Amino acid sequence: MMTNIEECDRNLHNYLEDNLGTNVETKEMSARYTTDAIVKCCFGISANSFINEDGFRLAGKKMLGQSFGRSLIVFCYYYATWIIKLFKFKFIESSAVDFVRDAFENAYFQREASNGKVKNNDLIDILIDFKKQNLEFNGFTFSRENLVAQAVTFFSSGFEAAASTLAFTLHELGVNEDIQEKLRNEIKTVVVTHGELTFNAIHQMKYLQMCVNETMRKYPGTSFIHRECIENYKVPGHELTIEKGTPIIIGLYGLHYNMKYFPNPEKYDPERFNANNIHKIINCTFLPFGDGPRSCVGQTLGLLIVKKAIIHILRNYIIEKNAFTTEPIVLTPFPIIQSKGGVPLTFRRLESAF
Ligand code: HEM
């Protein structure tokens, strides 16, 4: 995985070198980086989104458009499915699905035809291995449609949440110089100690994890998660019984900004997650990846991608706010949490890059 992401670091580096000292729309930059990283790590394909704005980047944009019409469709999917059935609305635009389907199928069948000679340690390798072993998971079969559905789900669920975590972290580092400097120092110490940037070295960067956690608290990748009640449940201490079959919406934004759980919630404070404080966080009040059997399957990969980009940037560049940066950021919470004016920042070369 580390090698797969290294190619994406190079693309990011070239992009920043071309845009030094200018106003960089950091959310778009982050989305291109996470698109490249997920497509490489899952399908073994180089998407090159910094150069090729069509392809996977365009498919991603189409999948997660923020128009009024799109918000209405997402709303209906959760709260008024009868409208979806009546008008036959599609959750994801067909042309975007078709693009990902073709790219995935090409990569999958080429890999399968190589009879194990080509390996990329990615989702395709895993699916081919499972298919060979004739494994079955709760009735899941390895039909063409099922495989494509997995590919589309991984791509669409992954790149946007990772991109917003990355962009909002860069914003907070840009507006909090002290936190940026502290994090850069930690990265330097660990890199010097380990000699190279390995998975283990990244794991040693505790302050980095604290910063990313605080970003995911303040800007959760999704505003809510949803479940369905599977048996009648009497809420302890209340008269209320939630009946079997009731749809449940759990608002992450509401939990993460509840002063009872996170005092002074508007403040970006990574110390909430330091070794002394992290154990004080009440179970299920911090849910950046959801919880239980339906929680995020891409958690480890998502964190690795986000951390790898932050490390690369802090080793080479200084992040600065500019005339377009707004603090605090104004958020649009539905259907996904986004910054209204994007995430404008400026990057300058670090004199003593390391
Ligand atoms: C920092 C990055 C990420 C964040 C914050 C994030 C967050 C989430 C959240 C909140 C959910 C809903 C969980 C629930 O309902 O309990 C979810 C689901 C999911 N995520 Fe992620 N995610 C990230 C990265 C990724 C990546 C990189 C991938 C794949 C490459 C991915 C794949 C998925 C999939 C497939 C689901 C659906 C799971 C299911 O419905 O069973 N995620 N993610």
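Because the structure is a prediction, the values reported are computed rather than measured.

What follows concerns helix 3 (residues 55–63). Within helix 3, burial applies to Gly55, Phe56, Arg57, Ala59, Gly60 and Met63. Turning to helix 3, the residues buried within the fold contact helix 2 (26–43), helix 4 (68–79), helix 6 (94–113) and helix 8 (144–175).

When the UniProt feature table is mapped to this numbering, "binding site: heme" (unreviewed entry) covers Cys296. Along the polypeptide, cysteine 296 turns up in the loop between helix 12 (252–256) and helix 13 (299–316).

What follows is about the sheet that holds strand 6 (residues 317–320). A sheet is described by the order of its strands in space; here 3 strands give the open sequence 1-9-6, paired in antiparallel fashion. Every other strand in the sheet has two partners, leaving strand 1 (24–25) and strand 6 as the edge strands with one partner each. Where helix 13 meets the sheet, it contacts strand 6 and strand 9 (344–349), and its direction lies at approximately 100° from that of strand 6.

What follows deals with the site of the ligand. In the vicinity of the ligand there are 22 residues, among which Arg227, Pro288, Gly290, Arg294 and Cys296 approach most closely. Between the ligand and aspartate 291, the relevant distance is 3.4 Å, taken from an oxygen atom to a main-chain nitrogen or oxygen of the residue. Arginine 294 is positioned such that a nitrogen or oxygen atom in its side chain is 2.7 Å from an oxygen atom of the ligand. Listing elements by their share of the shell around the ligand, those giving two or more residues are helix 8, strand 2 (224–228) and helix 13. Considering every element that reaches the shell around the ligand, the biggest residue donor is helix 8, with 7 residues.

A surface patch of nonpolar side chains, about 490 Å² in accessible area, is lined by Trp82, Leu86, Phe87 and Phe89. Note on placement: tryptophan 82 falls in helix 5 (residues 81–87). Exposure remark for tryptophan 82: the relative accessible area of 58% places this residue in the exposed category.

We now examine the side chain of glutamate 214. Positionally, glutamate 214 belongs in helix 11 (residues 206–218). The exposure class assigned to glutamate 214 is buried, which follows from its relative accessible area of 0%. Among the polar contacts listed, one links the side chain of glutamate 214 to the backbone nitrogen of aspartate 269, at a separation of 2.7 Å.

Turning our attention to the nonpolar core. Residues Met29, Phe43 and Phe347 are the most contacted members of the largest nonpolar core, which totals 85 residues. Of the residues forming this core, the biggest block, 12 residues, is contributed by helix 8. If near-sequence neighbours (up to four positions away) are discounted, phenylalanine 347 is found in contact with Leu16, Leu20, Gly21, Thr22, Val24, Thr26, Met29, Leu170, Ile313, Tyr317, Ile318 and Ile319. Among the nonpolar cores identified, the runner-up in size contains 5 residues, and Ile73, Cys76, Ala80 and Ile83 belong to it.

Turning our attention to the pattern of salt bridges. A complete count under the given rule lists 18 salt bridges for this structure. Close ionic contact of arginine 101 with glutamate 145 constitutes a salt bridge, the shortest N to O distance being 3.1 Å. With a gap of 44 residues between them, arginine 101 in helix 6 and glutamate 145 in helix 8 connect regions that are remote in the sequence. The exposure class of arginine 101 is partly exposed, given its relative accessible area of 24%. Of the charged contacts, one joins aspartate 122 and arginine 111 as a salt bridge, the two residues approaching to 2.9 Å between their closest N and O atoms. You can see aspartate 122 sitting in the loop between helix 6 and helix 7 (123–132) and its partner arginine 111 sitting in helix 6, a full 11 residues away along the chain. Arginine 111 matches aspartate 122 in its accessibility class, with the two residues each being buried. Beyond isolated ion pairs, a larger network of salt bridges with shared partners links Glu28, Arg32, Glu53 and Arg57.

It is worth spelling out unusual backbone geometry at this point. Here the amide bond leading from glutamate 327 into proline 328 is cis, since omega sits at 5°, within 30 degrees of zero. Among the secondary structure elements, proline 328 is positioned in the loop between strand 6 and strand 7 (331–332). A positive phi is found at cysteine 284, a non-glycine position, where the angle reads about 70°. Among the secondary structure elements, cysteine 284 is positioned in the loop between helix 12 and helix 13.

So, on to the environment of asparagine 213. Here asparagine 213 lies in helix 11. For asparagine 213, a relative accessible area of 10% puts it in the buried group. For the pair asparagine 213 and glutamate 186, spaced 27 residues apart in sequence, the C-alpha to C-alpha distance is 16 Å.

Rules behind the numbers
Residues numbered from 1 in each chain as written. Predicted model: local features only at pLDDT ≥ 70, side-chain atom pairs only at ≥ 80, totals over all residues. Heavy atoms only, no water. Buried < 20%, exposed > 50% of the residue type's maximum accessible area, 1.4 Å probe, protein only. Helix = DSSP H or I, 4+ residues; strand = E, 2+ residues; numbered from the N terminus. Contact = heavy atoms within 4.5 Å. UniProt positions renumbered as here; feature names shortened; annotations may be inferred. Pairing = 2+ DSSP bridges. Axes fitted to C-alpha atoms, helices over the stretch in contact; angles between N-to-C directions. Near = heavy atom within 4 Å. Polar contact = N/O pair within 3.5 Å; in protein donor to acceptor, adjacent residues only side chain to side chain. Patch = residues over 30% accessible without salt bridge, like charges linked within 9 Å, V, L, I, M, F, W, Y side chains within 5 Å. Areas by Shrake-Rupley, 256 points an atom, 1.4 Å probe, with all protein chains shown as cover. Salt bridge = Lys/Arg side-chain N within 4 Å of Asp/Glu carboxyl O. Core = buried A, V, L, I, M, F, W, Y, C linked by side-chain atoms within 4.5 Å.

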